[in-house]
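Observations on chain architecture
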Amino acid sequence: MKDLETLRQEIDACDEMIVKNFERRMELVMEVLAYKREKGLPVFHPEREQQVMEKVLTNFSHTNLPEEIEQLYTEIMRISRKMQSKRLFPYSIALVGFMGTGKTTIARDLAEKLEMTSVDIDTLIQEKMGMTIGEIFENYGEAHFRKMESDMVEELSVERNMILSCGGGVILSPYNVMNLKKNSRTVLLRALPETIFHRLQGDSSRPLLKGKMHLEHIEALLEKRRVLYDEAADLTIDTDGKSIDEISKEIIKKLLQEN
Ligand code: S3P
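- For the protein, an unreviewed UniProt entry supplies the name Shikimate kinase and the organism Clostridium aceticum.
- As its UniProt record puts it under Subunit (unreviewed entry), the protein is described as follows: "Monomer."
- Quoted verbatim from the Subcellular location (unreviewed entry) heading of the UniProt record, the comment on the protein is "Cytoplasm".

Right, here's the structure in full:
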């Protein structure tokens, strides 16, 4: 049997190889990314990840560690996606738009696709206060909520590589919009008042719609804010009739065209 020192030296040699090859692999991924961008080819290719995984598992079908290799490659793919996203989107993506336009849902889907962290500003405020948005409005008033919202936006404005899901009223303050734009691209999600009404009907969590859950009120509030939403947006996406996946892909595509 080899002595402990020899075994450890062999492990060290393996680690050196793993690190060197990992670094080289990531360099190549970045070269592929640059090539695709130069040639105008689509950069996000989820099927390719699947192919790589299948190839690895077939090529190494003799391995004693199939599960572990799959786990390892899942992580390698995740890191690779994250590195590519950082290169392609060296900023955060802030989703703005009226209540019920799907900001939270799209934020989660985008975060998964781009390996970014998804942050919901309303959720952070609720956690901080230990109460719901409705309770904050009731106990402290809207102005207090708006102050908390502005503070939270300011705090998050230094971050990059995050998907920020903003409350529908974030655009009411030019200070918030200025802060968001420091390190984020602002993406406005739009939906028809009928769609919004349909989605929010029966949902009692929005204090601004409490006792006024009807189409006319939604239309009026939307109209009042329309210019502010438009002015705040770097990019606008109409969401009616589109799936979550389609909306996220459209955002990614439009942001990449912008660069
Ligand atoms: C608000 C929207 C809500 C929440 C609060 C106020 C607004 O967020 O921040 O009830 O002024 O439009 P959602 O847009 O996520 O519902």
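Back to the text.
Observations regarding unusual backbone geometry
- With a phi close to 55°, E115 is a non-glycine residue in the positive phi region.
- Judged by relative accessible area, which is 17%, E115 ranks as buried.
- The phi dihedral of N161 is positive, around 60°, even though this residue is not glycine.
- Its place among the elements puts N161 in the loop between α7 (142-156) and β3 (162-165).

Remarks on the UniProt feature "binding site: Mg(2+)" (unreviewed entry) in the protein
- Taken from the UniProt record, the annotation "binding site: Mg(2+)" (unreviewed entry) applies to T104.
- Apart from the residues lying within four places of it in its own chain, the contact partners of T104 are D120 and S165.

What to know about the UniProt feature "binding site: substrate" (unreviewed entry) in the protein
- Mapped onto the present numbering, the UniProt feature "binding site: substrate" (unreviewed entry) falls at D122, R146, G168 and R225. As for the lining of the second largest pocket, the annotated residues named previously contribute D122, R146, G168 and R225.
- The residue G168 is located in the loop between β3 and α8 (174-183) in this model.
- Under the relative-accessibility criterion, G168 is labelled buried at 9%.
- Not counting the four nearest positions on each side in its chain, G168 is found in contact with G97, M99, K103, R225 and Y229.
- Note on placement: R225 falls in helix α10 (residues 215-232).
- Judged by its relative accessible area of 5%, R225 falls in the buried class.
- If we ignore the near neighbours within four places in the chain, the residues touching R225 are F98, R146, G168, G169, I171, L172 and L208.

Concerning the environment of R199
- With respect to the helices and strands, R199 occurs in helix α9 (residues 193-200).
- Remark: the alpha-carbon pair of R199 and G102, spanning 97 residues in sequence, is separated by 9.3 Å.
- Ignoring any residue separated from it by four or fewer positions in sequence, one finds R199 in contact with G100, T101, G102, A191 and T239.

What to know about helix α6 (residues 133-140)
- Buried residues of α6: I133, I136 and F137, and no others. Along the long axis of α6, the arc covered by the buried residues comes to 100°, so they all point the same way. For α6, the exposed residues lying more than 90 degrees away from the buried face are E138 and N139.
- Where α6 is buried, its residues contact α5 (121-129) and α7.

Comments concerning the pattern of salt bridges
- If you walk through the whole model with that rule in mind, you get 23 salt bridges.
- Here E31 ties to R24 by a salt bridge, and the two come within 4.0 Å at their closest N and O atoms.
- A relative accessible area of 37% means that R24 is categorised as partly exposed.
- Salt-bridge contacts for K181 lead to D234; the nearest nitrogen and oxygen are separated by 3.0 Å. Here the residue K181 occupies a position in helix α8, and D234 occupies one in the loop between α10 and β5 (235-238), the gap between them amounting to 53 residues.
- Among the charged side chains, a network of salt bridges with common partners joins E49, E75, R78, R81 and E115.

Details of the site of the ligand
- Near the ligand, the surroundings consist of 13 residues, among which K103, D122, R146, R206 and R225 are the closest.
- In this structure, an oxygen atom belonging to the ligand sits 2.7 Å away from a side-chain N or O atom of R206.
- At a separation of 2.7 Å, an oxygen atom of the ligand approaches a polar side-chain atom of R225.
- For the ligand, the protein covers 94% of the area, taking 380 Å² as the surface of the free molecule.
- Here the ligand is seated within the second largest pocket.
- Looking at side-chain class alone, the shell around the ligand contains 5 nonpolar, 3 polar and 5 charged residues.

A few points about the side chain of S184
- Among the structural elements, S184 can be located in strand β4 (residues 184-190).
- The exposure class assigned to S184 is buried, which follows from its relative accessible area of 5%.

Analysis parameters
- Residues numbered from 1 in each chain as written.
- Predicted model: local features only at pLDDT ≥ 70, side-chain atom pairs only at ≥ 80, totals over all residues.
- Heavy atoms only, no water.
- UniProt positions renumbered as here; feature names shortened; annotations may be inferred.
- Buried < 20%, exposed > 50% of the residue type's maximum accessible area, 1.4 Å probe, protein only.
- Helix = DSSP H or I, 4+ residues; strand = E, 2+ residues; numbered from the N terminus.
- Contact = heavy atoms within 4.5 Å.
- 1 Å grid on protein atoms, 1.4 Å probe; cavity = no way out; pocket = protein on both sides within 12 Å on 5 of 7 lines; lining within 4 Å.
- Arc of directions from axis to C-beta.
- Salt bridge = Lys/Arg side-chain N within 4 Å of Asp/Glu carboxyl O.
- Near = heavy atom within 4 Å.
- Polar contact = N/O pair within 3.5 Å; in protein donor to acceptor, adjacent residues only side chain to side chain.
- Areas by Shrake-Rupley, 256 points an atom, 1.4 Å probe, with all protein chains shown as cover.
- Sits in = over half its atoms within 2 Å of the grid points.
- Nonpolar A, V, L, I, M, F, W, Y, C, P; charged D, E, K, R; others polar.

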